[in-house]
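Tertiary structure, described
What follows is the residue order along each chain.
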Amino acid sequence: RDQTGRLALAHGGTIFLDEIMDMTLRMQGLILRFLESGEIQPVGEPSLKVVNVRVITATNANLEEMVKAKSFRRDLYFRLKVAHIAVPPLATHATDIPELVKHFGEILSSGNDHESIGFTPEALEALTSYHWPGNVRELKNLVEVLMMDQERKSVALKDLPPEMCDPSD
């Protein structure tokens, strides 16, 4: 069936390419060619099509190291590195965790017709001490899982996953 590609759909707007470190070298070449020319060739069409999009990318890998290892194209790296925004890991901003927990609870409760849950001081202390390898997504998922028990009004230390309660992890 006929289907419009993502770049064509984004014409006049913005496209977000997440986890760009996972792109194959072949795909990196195609993206680089598009970024240089602004042209795409839709599958099955004989002519090129000009597309005007803003491209935003994200990665959790060190692309400079990938360039050195020749697993990410140097020319694409410099083409993409126009405005770099480093987002620090959640573990380095532990003081934000209580506010994020509250925020996620409010968002999730508004969409599910039940009240947000609270956290005991001990539970919040455990959350702020945890290293958060999954960053903010892991925190949001935890709040969502804890809110599934609609009888629970407050989260205690015993309600958290064991790895979050053991400071040696």
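Refer to the structure presented above.
**Description of the nonpolar core**
Ranked by internal contacts, the top residues of the largest apolar core, which has 21 residues, are Phe34, Val53, Leu63 and Phe72. If you list the elements that add at least two residues to this core, you get α1 (6-9), β1 (14-17), α2 (25-37), α3 (63-68) and α4 (74-80).

**Re helix α7 (residues 135-147)**
With 13 residues, α7 ought to run about 18 Å at 1.5 Å a step, and its terminal C-alpha atoms sit 19 Å apart, in line with that. Taken together, the buried positions of α7 are occupied by Glu138, Leu139, Leu142, Val143, Leu146 and Met147. Those residues of α7 hidden inside the fold are in contact with α5 (97-110), β5 (118-119), α6 (121-129), β6 (154-155) and α8 (162-165).

**Examining α2**
Helix length check: α2, at 13 residues, gives a terminal C-alpha distance of 18 Å against a target of 18 Å (1.5 Å per residue), a fit within 8%. When we look at burial in α2, the residues that qualify are Gln28, Gly29, Ile31, Leu32, Phe34 and Leu35. The inward-facing, buried residues of α2 abut α1, β1, β2 (39-40), β4 (54-57) and α4. Gly38 sits one or two positions beyond α2 and adopts a positive phi of about 75°.

**Quick word on the side chain of Gln28**
Summarising the element assignment, Gln28 is placed in helix α2. Once you skip the residues sitting within four places of it in the chain, Gln28 turns out to touch Met23, Ser71, Phe72, Arg73 and Leu76.

**Topic: the packing of aromatic side chains**
This structure, assessed with the given rule, holds two aromatic pairs. Note on Tyr77 and Phe78: the rings are 5.0 Å apart at their centroids and 70° apart in plane angle, and the pair reads as edge-to-face.

**Observations concerning unusual backbone geometry**
With a phi angle near 55°, Glu19 is a residue other than glycine that sits in the positive phi range. Locating Glu19 in the fold gives a position in the loop between β1 and α2. Its identity as a non-glycine residue notwithstanding, Asn135 has a phi of 55°, on the positive side. Its place among the elements puts Asn135 in helix α7. We classify Asn135 as partly exposed; its relative accessible area is 30%.

**With respect to the environment of Phe119**
Secondary-structure assignment places Phe119 in strand β5. Sequence spacing of Phe119 and His84 is 35 residues, and the spatial spacing of their C-alpha atoms is 35 Å.

**So, the side chain of Glu138**
Within the secondary structure, Glu138 is located in helix α7. We note that Glu138 is buried and unpaired, the nearest opposite charge coming from Arg137 at a distance of 11 Å. A polar side-chain atom of Glu138 sits 2.9 Å from a polar atom in the side chain of Tyr130.

**Brief notes about the environment of His131**
Tracing the backbone shows His131 in the loop between α6 and α7. Separated by 33 residues in sequence, His131 and Met164 have C-alpha atoms that sit 8.4 Å apart.

**Section: the packing of α5 against α7**
One way to put it is that α5 packs onto α7 with a least axis distance of 9 Å and a crossing angle of 55°. As judged from the angle between their axes, α5 and α7 are oblique. Viewed along their axes, α5 and α7 form a crossing whose handedness is right-handed. Packed against α5, whose contacting residues are Ile97, Leu100, Val101, Phe104, Gly105, Leu108 and Ser109, the element α7 presents Val136, Leu139, Lys140, Val143, Glu144 and Met147 at the interface.

Analysis parameters
- Residues numbered from 1 in each chain as written.
- Predicted model: local features only at pLDDT ≥ 70, side-chain atom pairs only at ≥ 80, totals over all residues.
- Heavy atoms only, no water.
- Core = buried A, V, L, I, M, F, W, Y, C linked by side-chain atoms within 4.5 Å.
- Buried < 20%, exposed > 50% of the residue type's maximum accessible area, 1.4 Å probe, protein only.
- Helix = DSSP H or I, 4+ residues; strand = E, 2+ residues; numbered from the N terminus.
- Expected span 1.5 Å × (residues − 1).
- Contact = heavy atoms within 4.5 Å.
- Phe/Tyr/Trp six-rings, centres within 6.5 Å; stacked < 30°, edge-to-face > 60°.
- Lys, Arg positive; Asp, Glu negative; His and termini not counted.
- Salt bridge = Lys/Arg side-chain N within 4 Å of Asp/Glu carboxyl O.
- Polar contact = N/O pair within 3.5 Å; in protein donor to acceptor, adjacent residues only side chain to side chain.
- Axes fitted to C-alpha atoms, helices over the stretch in contact; angles between N-to-C directions.
- Parallel < 35°, antiparallel > 145°, perpendicular 65-115°, else oblique.
- Left-handed = near helix turned anticlockwise from the far one by under 90°.

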